[in-house]
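Summary of structural features
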Amino acid sequence: MNKKNSLISVFFLLAPGFLFLISFTHIPAVKTLMNSFFSTGRGKRPSKFVGFDNYEVLWNDSTFWQVFSNNIIYACVVIPISILLSLAMALWVNSKIIGRPFLRFSYFLPTVLPLIAVGNIWLFFYAPGFGLIDQVASALGFASLNILGSQETALWGVMAVGIWKEAGFYMIFYLAGLQAISPDLKEAAMIEGANKWYIFWRITFPLLTPTTLFVSVNAVINSFRQIDHIVVMTQGGPDYSSTLLLYYIYEAAFMFWDTAYATTLSVVLILLLCIIAIGQFFVLDKKVHYQ
Amino acid sequence: MRVFLDLLSERLHTIGAWLLALIWVLPLLYAVWAAIHPIEYEANFDITAPLTTYNFINAWSQAPFARYLVNTVMMTSMIVICQFTLCTFVAFAFARFEFPFKNFLFALVLLQLLIMPDILIVENYKTIRFLGIMDTILAIGLPYMASGFGIFLLRQTFMSIPKELDDAAKIDGAGVLRIIWNVYIPLSVPTFVAYGLVSVSFHWNNFLWPLIITNSVETRPLTVGLSIFSMSEAGVEWATISAGTLMTTAPLFIAFLIFQRQFIASFMTAGIK
């Protein structure tokens, strides 16, 4: 095949896919950045260039800072706990434990259920008075709790759902990672008299580092992307105590119709994701043990 | 002593694993309990409580779930078919051709793994409004048609196929499309199955974008329908909400029960690549 022909083929292979990719990812991303320097056009007042005004509003918006710190807390709690749990799950499911099929089934179950439906069920779980958690608490002699209804606990209630939803999904990747490790390594260590704890921390865990990198990048993205449970469980309340960044964007854009502010918030979210992803890559990549 | 300690640690592991598994299924069991019993028993766990189908019938009559199901099926199949087609073409170009700016273009593809359409809701909403296709099933699907994840996954698979096979096909005079169709697709079936399952469960469960873009019974998928049903001002009972929740998740849940192994294996292949 000559070179010109092959370039024509490449063009026709790439064009349809790239048309969609560019129109719904790259152009919107660039437009988000551009529009964050314009005001929201309302009625007869068209949007106009305002420089860094939106960013100034954002800087002085105490709600934004609360939402921002909510999301950081959310990520810092949900990511490590769900990764640790998923690793434990994978080790259990990969061992000769009784009832493996049931364990695997129940750990993975939340992954196939829609977060919105899951949120409904958990809402019922948390309901003050007759919800299961409250019933157990009152049986043990604790006072009635309104987990989602109070500012101190609402975010924690939402985080529990996030962990529950994610851990089983990450388990799959650890399971794949574990199955790729040669049993010879473990046997050799056992002959040398190493105990299980030592084998895990010195052999298994280091060999799983590529999986940990992959899972943690995914976990970061998910902790900024998943807000379905918030829509159905708390609507970000009470008083923004459980609002995450994307929910705040959604609210600004589609409840208050302040698209300029929503795009400014989106820029912050995109930048945050890029910085974390790049940082993670550089920090963890140095520690990755490639086989 | 060592044997005793080993046995003890094994027992503790078993107990821990089972406890976690029980916590993990508890919410679903709770929903099942509430859905199949009369409302008086929704928080009263009495084994002898009478069973009922009332909640399911009630939920079914209060919202057009059948229509929502049709919408979800149409939307999901449209997205998966388009993703398969577009991603196969792009992945094949990256796997088998050399061309200018190849690395740059591939970086653009990978960028979508980080900046997903879910985050760009504001600008994508404007695009859909500009195209004049608000509140259509097509609009729900458009931002997801070309997926960076799918392109990456298929490219990895295509690159592992020996090149001699397409050389043989070329000698027989087959064009690019014929080679893709006759050589690459048949040899990549497991990847397509894996990607298909991952994609179906993602889009079946997707909520925020469809919520923004749809506004009528004729276009709403199950997830949006369910949220409207359960958040209605009328104050729907918990038992009815549980029944509705179970009904909307049932198709995917049953598929998962039957194809559990394939599901997990698929998510695994999709993750490793």
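**What about the overall build of chain A?**
Check the secondary structure of chain A and you find 13 helices and zero strands. What you see in chain A, going N to C, is helices and strands ordered as α-α-α-α-α-α-α-α-α-α-α-α-α. Relative to its length of 291 residues, chain A is extended, with a C-alpha radius of gyration of 24 Å against a globular reference of 19 Å. In terms of principal-axis extent, the alpha carbons of chain A reach across some 80 × 80 × 30 Å. Taking all 291 residues of chain A together, 42% fall into the buried category. Taking contacts inside chain A between residues at least 6 apart in sequence as the whole, the part at least 24 apart equals 68%.

**Description of the domain arrangement of chain B**
Residues and elements named next belong to chain B. According to the domain assignment, chain B contains domain 1 (2-52) and domain 2 (62-272). Spacing between the C-alpha centres of domain 1 and domain 2 amounts to 34 Å. Listed per partner, the contact involves six residues of domain 1 and seven residues of domain 2. Its residues placed into classes, the side of domain 1 that touches domain 2 shows five nonpolar, no polar and one charged.

**What about the interface of chain A and chain B?**
Taken residue by residue, the interface counts 71 residues in chain A and 68 residues in chain B. A total of 18 residues in the side of chain A that touches chain B trace back to one element, the largest contributor, which is helix H1 (residues 3-35) of chain A. Across the side of chain A that touches chain B, the residue classes break down as 53 nonpolar, 14 polar and four charged.

**Some points on the packing of helix H3 (residues 65-96) of chain B against helix H10 (residues 189-205) of chain B**
Residue and element names in this part refer to chain B. Between H3 and H10, the least distance of the axes is 10 Å, while the angle of their chain directions is 140 degrees. Taken together, the axes of H3 and H10 are oblique relative to one another. Considering the relative orientation of H3 and H10, their crossing is right-handed. Two secondary-structure elements touch here, H3 through Thr72, Met75, Thr76, Ile79, Val80, Gln83 and Phe84 and H10 through Phe192, Gly196, Ser199, Val200, His203 and Trp204.

**With respect to the nonpolar core**
Core analysis: the biggest nonpolar cluster contains 151 residues, and Met171, Leu245, Leu246 and Ile249 of chain A together with Val90 of chain B have the highest contact counts within it. Among the elements that take part in this core, helix H7 (residues 154-179) of chain A stands out by supplying 15 residues, more than any other. Both domains that meet at this core, namely domain 1 (2-52) and domain 2 (62-272) of chain B, each give it at least three residues. Ignoring anything within four residues of it in the chain, the contact list for Ile249 of chain A reads Ala262, Leu265, Ser266 and Leu269 of chain A together with Val122 of chain B.

**Focus on the environment of Leu165 of chain B**
As for its position among the elements, Leu165 of chain B is in helix H8 (residues 163-171). Remark: the alpha-carbon pair of Leu165 of chain B and Tyr184 of chain B, spanning 19 residues in sequence, is separated by 9.1 Å.

**Some points on the environment of Leu222 of chain B**
All names here are of chain B. Secondary-structure assignment places Leu222 in helix H12 (residues 222-230). Taking C-alpha positions, Leu222 is 8.6 Å from Arg67, a pair spaced 155 residues apart along the chain. Residues contacting Leu222, with those up to four places away along its chain left out, are Tyr68, Leu69, Thr72 and Thr248.

Calculation rules
- Residues numbered from 1 in each chain as written.
- Chains lettered and ligands numbered in written order.
- Predicted model: local features only at pLDDT ≥ 70, side-chain atom pairs only at ≥ 80, totals over all residues.
- Helix = DSSP H or I, 4+ residues; strand = E, 2+ residues; numbered from the N terminus.
- Rg over C-alpha atoms; globule rule 2.2 N^0.38 Å.
- Buried ≥ 20, exposed ≤ 12 C-beta atoms within 10 Å, placed from the backbone.
- Contact = placed C-beta atoms within 7 Å.
- Domains from an automatic or database assignment.
- Nonpolar A, V, L, I, M, F, W, Y, C, P; charged D, E, K, R; others polar.
- Axes fitted to C-alpha atoms, helices over the stretch in contact; angles between N-to-C directions.
- Parallel < 35°, antiparallel > 145°, perpendicular 65-115°, else oblique.
- Left-handed = near helix turned anticlockwise from the far one by under 90°.
- Core = buried A, V, L, I, M, F, W, Y, C linked by C-beta atoms within 7 Å.

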